[in-house]
Amino acid sequence: MKKDPKIIVFCCNWCSYAGADNAGVAKVQIKPHFRIIRTMCSSRIDPELIIEAFKKGAWGVLVLGCHPGDCHYKNGNYKTLRKVKLLKRMLAQFGIEDDRLRLDWVSSNEGEKFGKVVNKMIDDIEKLGPLDLSYAETEVE
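### Thoughts on the packing of aromatic side chains
In total, this model carries one aromatic pair according to the counting rule given. Geometrically, the ring pair formed by Phe 34 and Phe 114 is edge-to-face, given 6.2 Å between the ring centres and 65 degrees between the ring planes. Of the two residues, Phe 34 is situated in strand β2 (residues 34-39) and Phe 114 in helix α4 (residues 111-128); the sequence distance between them amounts to 80 residues. The burial state of Phe 34 is the same as that of Phe 114; both residues are buried.

Here is the structure:
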């Protein structure tokens, strides 16, 4: 039995969430294997939330924010860029592939781009398959 991928998409309220709405209004065809979590700014996404998403069964996590220079909170997306780079390095230490966590920029008028980015993430994660964290559940003696 083939399982469907589970993707969590964190969207900033001002740009990427509005881009998702724009994609819906424009009837952009997007695979249904994702769930959006709306945040006020991409910089408000604590790395612990991303780790928790993986622990709860997400195959991949996509973080979408405003384009650099367009953040409603001035430099939030630059903070996000640094956080995601550091988190990717940490996740690699646990054997979690680089492609399972992605960061991209989608503005409110980029509904088509939102669809392309999400569909690409889903396609790539389908190839990787489910994330196996069973090794992380064993106790260290």
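### Section: the environment of Val 61
Within the fold, Val 61 resides in strand β3 (residues 60-65). Along the chain, Val 61 and Ile 50 lie eleven residues apart, while their C-alpha atoms are 6.9 Å from each other. For Val 61, the residues in contact, after removing those within four places along its chain, are Ile 8, Phe 10, Ile 50, Ala 53, Phe 54, Arg 100, Leu 101, Arg 102 and Met 121.

### Notes on the side chain of His 33
With respect to the helices, strands and loops of the structure, His 33 is situated in the loop between α1 (16-25) and β2. Its relative accessible area of 18% is what places His 33 among the buried residues. When residues no more than four places from it in sequence are discounted, the contact partners of His 33 are Asp 4, Pro 5, Lys 6, Ile 7 and Ile 122.

Conventions adopted
Residues numbered from 1 in each chain as written. Predicted model: local features only at pLDDT ≥ 70, side-chain atom pairs only at ≥ 80, totals over all residues. Heavy atoms only, no water. Phe/Tyr/Trp six-rings, centres within 6.5 Å; stacked < 30°, edge-to-face > 60°. Helix = DSSP H or I, 4+ residues; strand = E, 2+ residues; numbered from the N terminus. Buried < 20%, exposed > 50% of the residue type's maximum accessible area, 1.4 Å probe, protein only. Contact = heavy atoms within 4.5 Å.

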